[in-house]
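Below are the chains, spelled out letter by letter.
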Amino acid sequence: MTHEELEDAVPLYAVGALERVERQALEAHLLSGCVSCHTALKEYQSVAAVLPFGLNTTPPPRALKAKIMAARTPDALTVEPAAQHSPKPSLEPGEWMNHLFPPESSSRAVSFRWALGVATIAVLAIGSYLAWNSYVRMTEDTTTLAQLHAQADTTASKLTALQQQLNEREKTLAQLRDEIQLRTSDVTELKDQLIQREAELEDAKIQLAQRGGTQRARTPQDQLAVLLRTPDVKAVSLAGTDMAKRAAGVLLYDARTQKVWLYSVNLPECPNGTTYQLWAIHDKPVSVGMFHMDSGETAHLLVKQLPNFTSAKKFAVSLEPPGGRPQPTGPLYLVSQS
Amino acid sequence: MDAPSQQAASTIDPKLLARVVKGDQQAFSQLYDQSSTLLYSMALRILGNREEAAELLQEVYLEVWRKVARYDVGRGTPIAWLITLTRSRAIDRLRARGSRAHHQVSESLDGPSATQVADRNPGPLEAHADQELRGLVGGALAGLPQAQQQAIELAYYEGLSHMEIAARLNQPLGTVKTRIKLGMSKLREHLRHCWEQGDRP
């Protein structure tokens, strides 16, 4: 029940219109010390307690008073002599209670006449048992409510503890996430480093190839041997033109590395710093790379990156002035067959 | 002590109960004189039967005689305590009686209603203070819409819960709750306004 619902239940409580469960819920709420509901209840109870003044009055039967006075007397007689004959004028407002709950101290117990006292207590005990029955029941209800309330409190504190645990878990999770992120960035960095190293290695290889002829010729040829065993390598053969009838070449494309390998044989030596240039002809020729044929060299291997190999219609090798040209200008030496 | 205050139910002095606690016969007799007409009228309204109302009243006064020490002035006026006790015992009796005498309750419903202020016939001995309060409460009740007054009376005088009232009147539960809430709220406003100018009964 929300507080608003509880507040709404107060006037119904005052006229006794609530169901048992609702009544208990409201009583538990009042026990929890809600001041506004308590104030409202007091006012509504005051209203309820004057409602009978709105009734038409009917006087009770005349005989009733005498009957009540008489019915009351057997109880009263046993008490009143004690009160009247008591040596001490000590019957305070609470004294009547003492008959129901004999005081633990014996200060005045001895002075009372015991036989009368015992009889009185016995009679009163029976009488008051009935009268108190409802009071006790109410007390029990209140106790039950208090217990329920305590249970609710315990549950609430357990909930709080669980929530705390949950918060801690969440914190741990966040920490772990941060760590993972850190690791991930480490890995990325390492990958970058690896790529850089690979590039450096490539550079070193190229430098090595440029420096030592025999060495360079061998290692790429070994690589070529590996490449030839790779299943999905595409091959295009090139034939020598009239410029070099004995020359021939084969172009291999490795899709995994997107590299082309041009293995050419019997091309003439490049005169005066001129250079051979390999072209991939799409709609128009695009330069793939350049290579030299020195004197006495009969075979050459050129390895270049070429991502769009498959879209090229033709391949050719021309002899170009030093440094190469963006478009082929010199005579063609090798041309692809297909 | 002047006669009117001796007779008024609304002005029972807590000291009178303190005297009853001591076993003062005269105080008990006076308590009866001041309160019995009001309590009997209420018992009659609840039980709808004179004999039973008289039986109940006897029960209540004997309980008062035995339990008067339990009265706590901090929790309300003496008459409020007596009214609450009488209502509670009467409703208990009504419930114990069950449906056997249901027609008697209906009979009482058809009887004179609290709203018939003009018809009220205060006894010649009725105290001035009570007359004022009767006028006040009667007027406040008469100022309520009939439906709200009926819902409050079914709860208060017949001990019905809002669910039982809804079933009895064949009305939605929310409607019944609202009627009681609004009615009680209006009564509270009305009475608070008057109480602020005088003593709370």
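Residues numbered from 1 in each chain as written. Chains lettered and ligands numbered in written order. Predicted model: local features only at pLDDT ≥ 70, side-chain atom pairs only at ≥ 80, totals over all residues. Heavy atoms only, no water.

Per the counting criterion, the structure on display carries 20 salt bridges over all chains. E158 of chain B is paired through a salt bridge with R168 of chain B; the nearest N and O atoms lie 3.6 Å apart. Residue E158 of chain B is found in helix α8 (residues 146-158), and its partner R168 of chain B is found in helix α9 (residues 162-169); the two are separated by 10 residues along the sequence. Judged by its relative accessible area of 6%, E158 of chain B is buried. Judged by its relative accessible area of 34%, R168 of chain B falls in the partly exposed class. The salt bridge partner of E189 of chain B is R188 of chain B, with a shortest N-O separation of 3.9 Å. You can call E189 of chain B partly exposed: its relative accessible area is 38%. Since its relative accessible area comes to 16%, R188 of chain B is described here as buried. Ionic contacts of the salt-bridge type, sharing partners, join the residues E43 of chain A together with R188, E189 and R192 of chain B into one network. (Salt bridge = Lys/Arg side-chain N within 4 Å of Asp/Glu carboxyl O. Helix = DSSP H or I, 4+ residues; strand = E, 2+ residues; numbered from the N terminus. Buried < 20%, exposed > 50% of the residue type's maximum accessible area, 1.4 Å probe, protein only.)

With 70 residues of chain B at the interface, the matching set in chain A holds 49 residues. Interface of chain B and chain A: buried area, both sides summed, is about 5600 Å²; carbon and sulfur atoms make up 65% of it. For the interface between chain B and chain A, the tally reads 5 salt bridges. Between R188 of chain B and E43 of chain A there is a salt bridge, with its nearest N and O atoms 3.2 Å apart. Only α3 (25-47), α4 (50-67), α5 (78-97), α7 (128-142), α8, α9 and α10 (173-195) of chain B provide two or more residues apiece to the side of chain B that touches chain A. Tallying contributions element by element places α3 of chain B first for the side of chain B that touches chain A, with 13 residues. Considered class by class, the residues forming the side of chain B that touches chain A number 34 nonpolar, 16 polar and 20 charged. (Contact = heavy atoms within 4.5 Å. Buried area = accessible area lost by both parts, 1.4 Å probe. Nonpolar A, V, L, I, M, F, W, Y, C, P; charged D, E, K, R; others polar.)

Residue and element names in this part refer to chain A. Strand order in this open sheet of 8 strands is β5-β4-β7-β8-β1-β2-β3-β6, and the pairing throughout is antiparallel. Only two strands of the sheet have a single partner each, and these edge strands are β5 (285-291) and β6 (299-305). Across the sheet, the mean angle from the axis of one strand to that of its neighbour is 20 degrees, orientation sign disregarded. In terms of strand pairing, strand β1 (residues 233-240) meets strand β2 (residues 248-254) through 7 bridges, oriented antiparallel. Note that in β2 the partner of L238 across the bridge is G249. (Pairing = 2+ DSSP bridges. Axes fitted to C-alpha atoms, helices over the stretch in contact; angles between N-to-C directions.)

What follows deals with the packing of aromatic side chains. Going through the model one piece at a time under the given rule, you end up with 9 aromatic pairs over all chains. On the numbers, 5.2 Å between centres and 20 degrees between planes, the contact of F309 of chain A with F315 of chain A is stacked. The same class applies to F309 of chain A as to F315 of chain A, namely buried. Ring-pair connections join several aromatic residues into one group, and the members of that group are F28, Y32, Y61 and W65 of chain B. Above the ring of Y156 of chain B, the side-chain terminus of R87 of chain B is found at 4.8 Å from the ring centroid. (Phe/Tyr/Trp six-rings, centres within 6.5 Å; stacked < 30°, edge-to-face > 60°. Lys NZ or Arg CZ within 6 Å of the ring centre and 35° of its normal.)

As a further point, take the nonpolar core. Counting 83 residues, the largest nonpolar core has V15 and F53 of chain A together with I180, M184 and L187 of chain B as the members making the most contacts within it. Ranked by residues supplied to this core, first place goes to α3 of chain B with 12 residues. Counting contributing residues, this core receives three or more from each of domain 1 (1-99) and domain 2 (127-201) of chain B. Ranked by size, the runner-up nonpolar core spans 25 residues in total, among them A247, Y253, V260 and Y276 of chain A. (Core = buried A, V, L, I, M, F, W, Y, C linked by side-chain atoms within 4.5 Å. Domains from an automatic or database assignment.)

Attention shifts here to the environment of Q26 of chain B. Residue and element names in this part refer to chain B. Take Q26: it is sitting in helix α3. With relative accessibility at 60%, the residue Q26 sits in the exposed group. For the pair Q26 and L16, spaced 10 residues apart in the sequence, the C-alpha separation amounts to 9.6 Å.

On average, residues of chain A score 79 in pLDDT, and 78% of them are at 70 or above. Taken as a whole, residues 76-112 of chain A scores under 50 in pLDDT and shows 40 contacts with residues more than four places along the chain or in a different chain. (pLDDT = per-residue confidence, 0-100.)

On to the environment of T178 of chain B, then. All names here are of chain B. Assignment of secondary structure puts T178 in helix α10. Classification of T178 as partly exposed rests on a relative accessible area of 36%. T178 sits 27 residues away from A151 along the chain, and the two C-alpha atoms are 9.6 Å apart.

Residues and elements named next belong to chain B. In contact at an axis separation of 9 Å, α3 and α8 are set at 105 degrees when each is read in the N-to-C sense. By the angle between their directions, the pair α3 and α8 is classed as roughly perpendicular. Judged by residue contacts, M42, R45 and I46 of α3 engage E153, Y156, Y157 and E158 from α8. Among the residues forming the contact of α3 with α8, the class breakdown is 4 nonpolar, no polar and 3 charged. (Parallel < 35°, antiparallel > 145°, perpendicular 65-115°, else oblique.)

In protein structure, a disulfide is the covalent linkage between the sulfur atoms of two cysteines. Scanning the entire structure with this criterion turns up 0 disulfides over all chains. The thiol sulfur of C37 of chain A is not disulfide-bonded, and the nearest other cysteine sulfur, from C34 of chain A, lies at 3.7 Å. (Disulfide = S-S within 2.5 Å.)

With that out of the way, let us pick up the pairing of strand β3 (residues 259-265) of chain A. Residue and element names in this part refer to chain A. Within β3, 5 of the 7 residues are buried, leaving the element largely enclosed by the surrounding structure. Summarising the sheet, β2 and β3 pair through 7 bridges and their orientation is antiparallel. Residue pairing across strands places G249 opposite S264, the latter belonging to β3. The pairing of β3 with β6 spans 7 bridges and is classified as antiparallel. From the neighbouring strand, V265 faces β6, where its bridge partner is A299.

So, on to α10 of chain B. Each turn of an α-helix holds 3.6 residues, which means side chains three or four residues apart point in the same direction. In a regular helix each residue adds 1.5 Å, so 23 residues correspond to 33 Å; α10 of chain B covers 32 Å between its end C-alpha atoms and thus fits that length. Considered for burial, the residues of α10 of chain B that qualify are V176, R179, I180, G183, M184, L187, R188, L191 and W195 of chain B. Packing partners of the buried residues in α10 of chain B comprise α1 (3-14) and α3 (35-50) of chain A together with α7, α8 and α9 of chain B. (Expected span 1.5 Å × (residues − 1).)

Residue and element names in this part refer to chain A. Even without a glycine there, the phi angle at Q258 is positive, about 50 degrees. Residue placement: Q258 occurs in the loop between β2 and β3. In this model, N266 sits at a positive phi of 60 degrees, which is unusual for a non-glycine residue. Position of N266 relative to the elements: it lies in the loop between β3 and β4 (275-281).

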